[in-house]
Each structure stands twice: as C-alpha cells, then as structure tokens.
Protein chains: 2
Amino acid sequence: MILKSQVEWALHCCAILAGLPEGRYLSTKALAEFHGLPKEYLSKALQSLSQAGLVHTTLGPSGGYRLAKAPAELTFLEIVEAVEGRSRTFVCTNIRANNPCRAPGYCEETPCAVARIMWEADEAWRDKLRSVRLSDLIEILSQEIPSDLLKRSFAWVLERAG
Amino acid sequence: MILKSQVEWALHCCAILAGLPEGRYLSTKALAEFHGLPKEYLSKALQSLSQAGLVHTTLGPSGGYRLAKAPAELTFLEIVEAVEGRSRTFVCTNIRANNPCRAPGYCEETPCAVARIMWEADEAWRDKLRSVRLSDLIEILSQEIPSDLLKRSFAWVLERAG
DNA sequence: ATATTAAGGATAACAAATATCCCTATTTTT
DNA sequence: AAAAATAGGGATATTTGTTATCCTTAATAT
Ligand code: FES
Ligand code: FES
C-alpha cells in the first residue's frame, strides 16, 4: 500500500505556490521544470487540486495556478485527499457474511468490529494530516533550506510567474 | 491507496485461531471454507503470518495453524504488517533534488520536511494499530455476535481442528 | 503405504498507477 | 485580428502491484 507519487508532487507544488506574490500565477510547465517532473502527468495532479477548490487557475500566456486560500488555512489532509481520494485504506468485503453457521436470512446491523478498528487507524492518520497546515511546512522549510538556495528559488519562480 | 484484502482475511483468521483450544490446529482448508475465501490464495496470507512468527504450524493430517502467542500479546499492527509489509505508505522520491537552483554538488543532510510530516501520519496510524490487541477484538466480537451463532461457529471450528 | 498438510515456486488474470498524446476553449500578447 | 500560451480533459499505452490458480516438495498422522 503506497500513496501515489502525485501526493509528493502536489505538496511540493503547494509549497512553491505559497511563496507566490498576491495575484500572480505559476504554470504547470514551470512547476514541472522546477521539480523535474513529467509536465503532462503533473498536470493531472494540479487538475485534482483545482477540482478540489484548493487552487485558482487562469488560462492563456501568463496563466497557471495560485493558492485559493492562505497557507494557514490549507491543511495537508486537503492536499493529500485532493489527489489521493477520500476513500478509506481498509476496505471490508464483509467476509463474516460467508460464515457457514449463520442463519440464512441473517443480516448484521453494525459494521464488523475488525473494520471499525482499521477505520479508527485511518482516522488517526487523517487527524494527523489535518493538524498540519501548509504554513507550518513553509515555516520549517524556510528554516531548513539554506537562505541562498531559498533566494535563488524565489527568484527563479518570480521570473516565470505570470 | 488500499490495503490488501489479505489484511481483512488475516485479522479474521487470527480471531478464529484465538478461539482454538490449547494445542489444536486449524487448516487452511477450514479457514478458507469458514470465510468463503480462495484456499490457495488465503494460504499465502497464512504463510506471511507464519514467516512473521505470529502462528505455529504443523504438517500432515490434523495439521494447520495455531497462534504463537496469547491473544493479549498479539497486536493488530503485527498482523497487518505481516501481510502488508513494514514499508511506509509515503515514498519520497526526493524531487527537491531536481531544483534547478541548487548548487551542483549540494546534498541534503536530513529527509525532506514534507516526507517527515507524512511519515508522522504513518506513525500515528501504526500507533493506533499497535494499541489494539487481538484480545480486545475477541472481547468486542463475543459481545456483538449473537451467542447462538458464536456457539455454532465454535463447534464448527472444533469439529475440524486437528 | 496412503492421505493430508504447509511451504513455496511459477505463472496467469486483473486492476491500478504512471505516463504520453492530442484536441478544445480561453486568454494574453503581438 | 492573428498568434502563442495556457488549463482541462479524453483516449490510450506502459508499467507495476494485487489477486488468483496450479503444481511440486517435504513432513506428518493414520
Ligand atoms: S467482515 Fe470485513 S472486516 Fe470483518
Ligand atoms: S523531496 Fe520527497 S517529500 Fe520532499
């Protein structure tokens, strides 16, 4: 069970978009080049962010993406779920219903206890991702990344932002 | 991102094995029939449990599986990891290394902050599963499952336990 | 001896993730 | 008005992982 690589892409793209000045947009082309990713396929991830309402887009030259909310209002969970989907990692196929000892018409009221426990673990994962905001990431990155690299990256983005 | 269906199978099989009297064994055939699962493929899941040391096996007629530990000493995490593997759900492909602004020989010391946060969420998921013991499940099931069905199921298993 | 079992290798069928290509509508630039 | 660049999305390969079956081998009980 491995998350799509698009999750890593989307999170890093949002981190870049968070540094974009008000009202400017950054294109798929620039984001793909910056991260060394296949432009066409990255585009699908960005479309997912767009459909989830996390980013705004404009068309034409100087078009592209910008965040739809402030980084402090955008959680990891929203970004991850936008590209990975909102379904649970544990899927119950109700194998308990195959128990040969069950009465023919018998039907359970509640979900299986096994599934409920697995879903609680899923919820713990979601809770953790919900507790981290994009602004938290930005803060960590701005401390960890050497300031000259940070500056050059900002400049690189600004050159290409429409 | 969806867990293997074998996870559901393994958890239910362990729940059945937990009800087995001391020193008795239950075969793949019986476990597959009880849960309505493909015998040969379920066998792979049970082999995973065996390789992880969670169950004991014996060969020959009246052979099969029994738990290697008391249900109170067996966690959900152990069972899930036995069949699903121990790798993280988030894989970092280090796309930050593709940043065109980086100095040629530059190499990061620490894992990317994005990955660290995603791994913390993984850890929260694991923590939850580690906190639930097989004995906890047994307790819930014995309360929820109608006692006559419970009795018939026990009898069904005992008839086939070697 | 015979029957039954777990273990494991080989392989096929199927589904999902990854990736590319191409077309359309929109918008900016020229 | 024309041209260029963009997001969006449909179609379609390619690759990988999951699901499933088959078969052989070694061990064990009857
Ligand atoms: S029947 Fe699906 S988890 Fe129990
Ligand atoms: S480079 Fe992989 S998560 Fe940041």
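Summary of the structure given here. The structure displayed is predicted, hence computed values, not measured ones.

To continue, consider the overall build of chain A. Helix and strand counts for chain A stand at seven helices and two strands. For chain A, the sequential pattern of α-helices and β-strands runs α-α-α-β-β-α-α-α-α. Its C-alpha atoms give chain A principal-axis dimensions of about 70 × 35 × 25 Å. Evaluated residue by residue, chain A yields a buried proportion of 46% over its 162 residues. Considering only residue pairs separated by 6 or more positions, chain A has 69% of its internal contacts joining residues 24 or more positions apart. Total accessible area on chain A is roughly 7,800 Å²; 53% of this is exposed by carbon and sulfur atoms. Of the side chains in chain A, 19 bear a positive and 19 a negative charge, and the two mean positions are spaced by 4 Å.

This paragraph deals with the interface of chain B and chain A. At the junction of the two partners, chain B supplies 56 residues and chain A supplies 56 residues. Roughly 5,000 Å² of surface becomes buried between chain B and chain A when both sides are summed, with 70% attributable to carbon and sulfur atoms. Remark: the boundary between chain B and chain A carries four salt bridges. Where chain B packs against chain A, one counts 20 residue pairs in polar contact (both at pLDDT 80 or more). Looking at the side of chain B that touches chain A, the elements with two or more residues in it are α1 (5-18), α2 (28-35), α4 (76-84), α5 (113-130), α6 (134-144) and α7 (147-160) of chain B. Partitioning the side of chain B that touches chain A into residue classes produces 34 nonpolar, 10 polar and 12 charged.

Overlay of chain B on chain A (RMSD 0.0 Å): rotation 180°, translation along the axis 0.0 Å. Taken together, these values place the two copies in the relation of a two-fold axis. Closest to the rotation axis within chain B is the C-alpha of B:Trp125, separated from it by 2.5 Å. Comparing interface residues between copies, 100% of those in chain B also sit at the interface in chain A, which points to an isologous, same-surface contact.

To continue, consider the pattern of salt bridges. Opposite charge on two side chains lets them pair, provided their charged atoms get close. According to the stated counting rule, one finds 22 salt bridges over all chains in the structure shown. A salt bridge links B:Arg126 to B:Glu81, with the nearest nitrogen and oxygen atoms 2.9 Å apart. With B:Arg126 in helix α5 and B:Glu81 in helix α4, this pair connects stretches of sequence that are 45 residues apart. B:Glu81 matches B:Arg126 in its accessibility class, with the two residues each being buried. In the salt-bridge network here, residues are joined through shared partners; they are A:Glu81, A:Arg86 and A:Arg126.

Under the criterion given, the structure shown has four aromatic pairs over all chains. With a centroid separation of 5.4 Å and an interplanar angle of 90°, the aromatic rings of A:Trp9 and A:Tyr41 are classed as edge-to-face. Linking A:Trp9 in helix α1 (residues 5-18) with A:Tyr41 in helix α3 (residues 39-51), this pair joins segments that are 32 residues apart in sequence. We note B:Arg88 situated over the ring of B:Trp119; from NZ or CZ to the ring centre the distance is 3.9 Å. In this arrangement the basic side chain of B:Arg160 is found over the ring face of B:Trp156, its NZ or CZ atom lying 3.8 Å from the centre.

This paragraph deals with the environment of B:His56. All names here are of chain B. Here His56 lies in strand β1 (residues 55-58). Overall, His56 belongs to the partly exposed group, its relative accessible area being 36%. Taking the C-alpha atoms as reference, His56 lies 26 Å from Lys128; in sequence the two are 72 residues apart. Setting aside chain neighbours within four positions, we find His56 in contact with Tyr25, Gly64, Tyr65, Arg66, Leu67 and Ala68.

For the rest of this paragraph, the subject is the protein's contact with DNA strand D. For DNA strand D, the set of nearby residues contains 26 residues, the closest of which are A:Lys44, A:Ser50, A:Leu59, A:Tyr65 and B:Tyr41. Counting only atoms of DNA strand D within 4 Å of the protein, the fraction found in sugar and phosphate groups is 60%. One of the side-chain nitrogen or oxygen atoms of A:Lys44 is found 2.7 Å away from a base oxygen of DNA strand D. Here A:Gly60 contributes a backbone N or O atom positioned 3.1 Å from a sugar or linking oxygen of DNA strand D. Counting residues per element, the ones that place at least two in the surface near DNA strand D are α3, β1 (55-58) and β2 (64-67) of chain A together with α1 and α3 (39-51) of chain B. Among the elements that take part in the surface near DNA strand D, α3(A) stands out by supplying four residues, more than any other.

Now for unusual backbone geometry. All names here are of chain A. Backbone geometry at Asn94 places phi at a positive 55°, although glycine is not the residue there. Secondary-structure assignment places Asn94 in the loop between α4 (76-84) and α5 (113-130). With relative accessibility at 31%, the residue Asn94 sits in the partly exposed group.

Close to DNA strand C lie 26 residues; A:Tyr41, B:Lys44, B:Ser50, B:Leu59 and B:Tyr65 are nearest. Backbone atoms, meaning sugar and phosphate, make up 60% of the atoms of DNA strand C lying within 4 Å of the protein. Within the side chain of B:Thr57, an N or O atom sits 3.5 Å from a sugar or linking oxygen of DNA strand C. Contributions of two or more residues to the surface near DNA strand C are made by α1 and α3 of chain A together with α3, β1 and β2 (64-67) of chain B. It is α3(B) that contributes the most residues to the surface near DNA strand C, four residues altogether.

Cut-off values and rules
Residues numbered from 1 in each chain as written. Chains lettered and ligands numbered in written order. Predicted model: local features only at pLDDT ≥ 70, side-chain atom pairs only at ≥ 80, totals over all residues. Heavy atoms only, no water. Helix = DSSP H or I, 4+ residues; strand = E, 2+ residues; numbered from the N terminus. Buried < 20%, exposed > 50% of the residue type's maximum accessible area, 1.4 Å probe, protein only. Contact = heavy atoms within 4.5 Å. Areas by Shrake-Rupley, 256 points an atom, 1.4 Å probe, with all protein chains shown as cover. Lys, Arg positive; Asp, Glu negative; His and termini not counted. Charge placed at Lys NZ, Arg CZ, Asp CG, Glu CD. Buried area = accessible area lost by both parts, 1.4 Å probe. Salt bridge = Lys/Arg side-chain N within 4 Å of Asp/Glu carboxyl O. Polar contact = N/O pair within 3.5 Å; in protein donor to acceptor, adjacent residues only side chain to side chain. Nonpolar A, V, L, I, M, F, W, Y, C, P; charged D, E, K, R; others polar. Least-squares fit on C-alpha atoms with pLDDT ≥ 70 in both. Phe/Tyr/Trp six-rings, centres within 6.5 Å; stacked < 30°, edge-to-face > 60°. Lys NZ or Arg CZ within 6 Å of the ring centre and 35° of its normal. Near = heavy atom within 4 Å.

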